[in-house]
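Reading the structure
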Amino acid sequence: NEMHLLTQNMLQCIKKGCNKDNFPLRISAQELRTDEREYDRDFVIRMLPRIEYEALSRSAAEIGVALPPQMPADAQSNDAFLQLLHHALMNVAVVTGTLTCPNCARVYIIKNGIPNMMPNETEV
Amino acid sequence: VFGMKLKQLEGHLQQVAGFDRPKVELEQYPTSGTIAARMLYTIESSYGDLGDKAVLDLGCGGGILGIGAQMLGSSYTAGVDIDNDILAVAAENCAEFEVDIDLVRADIGEALPMVQKDKHGRSRSVFDTVVMNPPFGTRVKGIDIVFLRAAVDAVANNGGVVYSLHKTSTREHLLRKGAEWGVSISVVAELRYDIPAMYQFHKHRSLDIQVDLLRVDCAQHRLRA
């Protein structure tokens, strides 16, 4: 299994009291995998208003995927951009690594592609 | 997309591994292949809520509902569970069935990390549909409501839907909750849910209980906290 950026784009620090600037969690990846999922244009267009694009762009850069820092104004009809976005959201994925809160520095472990978002884990 | 027959789906899902050693405190009752197939088949054939959709399974266990959702054409599927052991089983099941599900370990009772609140208190998530078989709340009172509310929060802002299994005896209570929250809940199917005698406190060899498949439509939601 693996964690795709579409999932990471919804994860924020859950530590009690850490409510500000706790997103996006910074990725440090030891093992990445790239899938070959077929480009699904309609799906990506539907996701456009649901993702936090600037956060995604920063997170993608952390695992070596370049996205424009701002969403292009013509995103919905910009096929080259949509393909790039699909690749970033659905194909590049983290198998082993960590997620670190940019605010409180709490570290969440990703093992076997599964991020551990339990509130009281002390293992690092 | 929707080419799979109910019998085929059931045949596949009966092969999905479940709990080796279920944990009583987590109410880990398995979702049988038969129940899962009927539930998912109804969701796709009657409502088209799986094909090409972003789907979330809360309390995913071995991943049977998510795997079935992928078989019926979901574009993206995520599963959340608190239990590391069963998540390892889910990961193996995904590999075996060659489906791709993003798994996350989290305590839904504490904080659901797949939903964010913006500064206006509105939720943000990418999901269209939640499918789940949550704990019925027989061991931990109210946990069924916690799951249902988390599921509603995961799709409300996208005008999505939640499909969830609950004991028929709790129906009136859940319908009242829905009215309180400003979402519309309907009973899509009544099912007989066979709980095999896995736990020592079960006196009978197995137990048939009456279960509702609820559909929570958040298209016209007026969510209240």
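Quick notes on the rules
For every chain, the first residue of its written sequence is number 1, and the numbers climb from 1 along that sequence. Here the convention is simple: chains get letters from A, ligands get numbers from 1, in the order in which they are written. In keeping with the predicted nature of the model, local features appear solely for residues at pLDDT of at least 70, side-chain atom pairs appear and are counted solely at 80 or more, and the whole-chain, interface and lining totals rest on all residues. The basis for every side-chain value is the complete set of heavy atoms in the structure, and neither hydrogens nor water enter the calculation. Centres within 6.5 Å make a pair out of two Phe, Tyr or Trp rings, where for Trp the six-membered ring is used; the pair is then stacked when the planes are under 30 degrees apart, edge-to-face when over 60, and tilted otherwise. Every helix listed is a DSSP run of H or I at least four residues long, and every strand listed is a run of E at least two residues long, numbered separately from the N terminus. Whether a residue is buried, partly exposed or exposed follows from its accessible area with a 1.4 Å probe, protein chains only, as a fraction of its type maximum: under 20%, in between, or over 50%, in that order. In our convention, an over-ring charge means Lys NZ or Arg CZ found within 6 Å of a ring centre and within 35 degrees of that ring's normal. In this analysis, the protein atoms alone were mapped onto a 1 Å grid. Cavities are point sets where a 1.4 Å probe fits without being able to get out; pockets are open sets with protein on both sides within 12 Å along at least five of seven lines; lining residues have an atom within 4 Å of a point. Grid points are joined across faces, edges and corners, and a volume is the space filled by probe spheres set on the points. Residues were grouped as follows: Ala, Val, Leu, Ile, Met, Phe, Trp, Tyr, Cys and Pro as nonpolar; Asp, Glu, Lys and Arg as charged; and all remaining residues, including Gly, as polar.

**Concerning the packing of aromatic side chains**
Residues and elements named next belong to chain B.
- The full count for this structure, using the stated rule, is three aromatic pairs over all chains.
- Ring geometry for Y76 versus F127: centroids 5.8 Å apart, planes at 15 degrees, classification stacked. Taken together, the residues span a long stretch of sequence, with Y76 in strand 2 (residues 76-81) and F127 in the loop between strand 5 (123-124) and strand 6 (129-132) at a distance of 51 residues.
- Judged by its relative accessible area of 1%, Y76 is buried.
- Sitting over the face of the ring of W181, R149 holds its NZ or CZ atom 5.2 Å from the ring centroid.

**So, the layout of surface pockets**
Residue and element names in this part refer to chain B.
- Roughly 640 Å³ of internal volume is contained in the largest pocket.
- Lining the largest pocket are 38 residues; nearest its centre among them are L26, E27, Q28, G59 and D81.
- Elements that contribute at least two residues to the lining of the largest pocket include exactly helix 3 (64-71), strand 2 and helix 5 (143-155).
- Tallied by class, the residues present in the lining of the largest pocket amount to 21 nonpolar, 12 polar and five charged.
- Approximately 450 Å³ is the volume found for the second largest pocket.
- Top element by residues in the lining of the second largest pocket is helix 5. It accounts for three residues.
- Looking at the lining of the second largest pocket, its residues break down into 10 nonpolar, five polar and five charged.

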